[in-house]
Amino acid sequence: MLDLKVLTQALGDLEEDDVMDLLNEYVATNPSEEDALQAVGACQAGMGIVGDLFEKGEYFVGDLIFAGELLTEAINVLKPALGGGGSTVAGTIVLGTVHGDLHDIGKNIFKSMSEAAGFEVVDLGIDVAPEIFVEKAKEIKPMIVGMSGVLTLAIDSMKETVDALKAAGIDSKIIIGGNPVTKEACEFVGADAYTTNAAEGVKMCQAWL
């Protein structure tokens, strides 16, 4: 049985070999989707430790980036157990970090988890201008548009982007994510949902299917 606390700590300590060994052994036991989601949750909790150590100055940007890559790798190992392995696409998500914000760790985690859940994700990258979101949404007609941001100013960029999408007549569901998002921010922006947790965000998207 996988010890979730050990997994969380291993990811928090950036022990790549330990994380991979734990997960490979775990996947070999054919876990249920529910259990595999708990393992994803434990990995995310490990990211929380990394974030805390970064804020305390014990970890640096390079560690954050490595942790993001390690998490993506971990989710890839768990993907077969997370379902969504079939060829059916649950829905399409256009995703990007909004104009003025260059952070992509949270966005990339959400992308990996959405893909694991069977969504097709079109990633526009970072510092994405509202008109790029609009252009892509017109072209692809996604079910969902996801916007990510870590800086407080991202909220204003999100509002601009949502206004531009609505003005262009795009009726995709809109989810926003990142540190500064709150219920109030979500109402201000005009989004349909908000989350600060990638796993929870994916569940919200699944609920829209």
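Residues numbered from 1 in each chain as written. Predicted model: local features only at pLDDT ≥ 70, side-chain atom pairs only at ≥ 80, totals over all residues. Heavy atoms only, no water.

Here's the deal with the layout of surface pockets
Here is step 1: Of the voids in this model, the largest pocket is the one considered here, and its volume is about 930 Å³.
Here is step 2: Taken together, 33 residues form the lining of the largest pocket, with Ile-105, Gly-106, Ile-109, Val-150 and Asn-179 sitting closest to its centre.
Here is step 3: For the lining of the largest pocket, the secondary-structure elements that each account for two or more residues are α3 (33–55), α4 (61–78), α5 (105–116), β3 (144–148) and β4 (173–177).
Here is step 4: Per-element accounting of the lining of the largest pocket gives the leading share, seven residues, to α3. (1 Å grid on protein atoms, 1.4 Å probe; cavity = no way out; pocket = protein on both sides within 12 Å on 5 of 7 lines; lining within 4 Å. Points joined across faces, edges and corners; volume = space filled by probe spheres on them. Helix = DSSP H or I, 4+ residues; strand = E, 2+ residues; numbered from the N terminus.)

Remarks on the environment of Ala-198
Here is step 1: Among the structural elements, Ala-198 can be located in helix α9 (residues 198–207).
Here is step 2: Taking the C-alpha atoms as reference, Ala-198 lies 17 Å from Gly-125; in sequence the two are 73 residues apart.

Points about the packing of aromatic side chains
Here is step 1: This structure, assessed with the given rule, holds zero aromatic pairs.
Here is step 2: Sitting over the face of the ring of Phe-188, Lys-159 holds its NZ or CZ atom 5.3 Å from the ring centroid. (Phe/Tyr/Trp six-rings, centres within 6.5 Å; stacked < 30°, edge-to-face > 60°. Lys NZ or Arg CZ within 6 Å of the ring centre and 35° of its normal.)

A few points about a negative patch on the surface
Here is step 1: On the surface, Asp-13, Glu-15, Asp-17, Asp-18, Asp-21 and Glu-25 cluster together into a negatively charged patch.
Here is step 2: Among the secondary structure elements, Glu-25 is positioned in helix α2 (residues 16–27).
Here is step 3: The exposure class assigned to Glu-25 is exposed, which follows from its relative accessible area of 57%. (Patch = residues over 30% accessible without salt bridge, like charges linked within 9 Å, V, L, I, M, F, W, Y side chains within 5 Å. Areas by Shrake-Rupley, 256 points an atom, 1.4 Å probe, with all protein chains shown as cover. Salt bridge = Lys/Arg side-chain N within 4 Å of Asp/Glu carboxyl O. Lys, Arg positive; Asp, Glu negative; His and termini not counted. Charge placed at Lys NZ, Arg CZ, Asp CG, Glu CD. Buried < 20%, exposed > 50% of the residue type's maximum accessible area, 1.4 Å probe, protein only.)

Observations concerning the UniProt feature "domain: B12-binding" (unreviewed entry) in the chain
Here is step 1: Under the present numbering, the feature "domain: B12-binding" (unreviewed entry) in UniProt falls on residues 90–209.
Here is step 2: Segment residues 90–209 splits into 45% helix and 19% strand. End C-alpha atoms: 7 Å apart. (UniProt positions renumbered as here; feature names shortened; annotations may be inferred.)

Considerations on the pairing of strand β1 (residues 92–97)
Here is step 1: The buried fraction of β1 is high, at six of six residues.
Here is step 2: Sheet topology note: the β1/strand β2 (residues 120–123) ladder contains four bridges and is parallel. Its bridge partner lying in β2, Leu-95 is registered against Asp-123.
Here is step 3: In this fold, β1 hands off to α5, which returns the chain to β2; that crossover is right-handed.
Here is step 4: As paired elements, β1 and β3 share five bridges and run parallel to each other. When the sheet's bridge partners are listed, Gly-96 is paired in β3 with Met-147. (Pairing = 2+ DSSP bridges. Right-handed = clockwise from strand over helix to strand, strands pointing away.)

Let's talk about the environment of Asp-163
Here is step 1: Note on placement: Asp-163 falls in helix α7 (residues 154–167).
Here is step 2: According to the relative accessible area criterion, Asp-163 is partly exposed, its value standing at 40%.
Here is step 3: Once the C-alpha coordinates of Asp-163 and Gly-190 are considered, the two residues, 27 residues apart in sequence, prove to be 7.9 Å apart.

Topic: the sheet that holds β2
Here is step 1: Read from one edge of the open sheet, five strands run β2-β1-β3-β4-β5, paired in parallel fashion. A strand with exactly one partner marks an edge of an open sheet, and here the two such strands are β2 and β5 (193–195). Sheet twist, expressed as the average angle between the axes of neighbouring strands with direction ignored, equals 20°.
Here is step 2: Sheet strands in contact with α5 are β1, β2 and β3, and its direction is about 170° off that of β1.
Here is step 3: Seen against the sheet, α9 touches β1, β3, β4 and β5 and runs at an angle of roughly 160° to β5. (Axes fitted to C-alpha atoms, helices over the stretch in contact; angles between N-to-C directions. Contact = heavy atoms within 4.5 Å.)

Quick look at unusual backbone geometry
Here is step 1: Here the phi dihedral of Asn-30 falls at roughly 60°; this positive angle occurs in a residue that is not glycine.
Here is step 2: Looking at the element boundaries, Asn-30 is found in the loop between α2 and α3.
Here is step 3: Even without being a glycine, Lys-141 presents a positive backbone phi close to 50°.
Here is step 4: If you trace the backbone, Lys-141 turns up in the loop between α6 (130–140) and β3.

Let's talk about the packing of α3 against α5
Here is step 1: Following both chains from N to C, one finds α3 and α5 inclined at 175°, their axes separated by 13 Å at the closest point. One finds that α3 runs roughly antiparallel with respect to α5. On the side of α3, the interface is formed by Val-40, Gln-44 and Met-47, while α5 contributes Ile-105, Ile-109 and Met-113.
Here is step 2: When grouped by side-chain class, the residues that make up the contact of α3 with α5 number five nonpolar, one polar and no charged. (Parallel < 35°, antiparallel > 145°, perpendicular 65-115°, else oblique. Nonpolar A, V, L, I, M, F, W, Y, C, P; charged D, E, K, R; others polar.)

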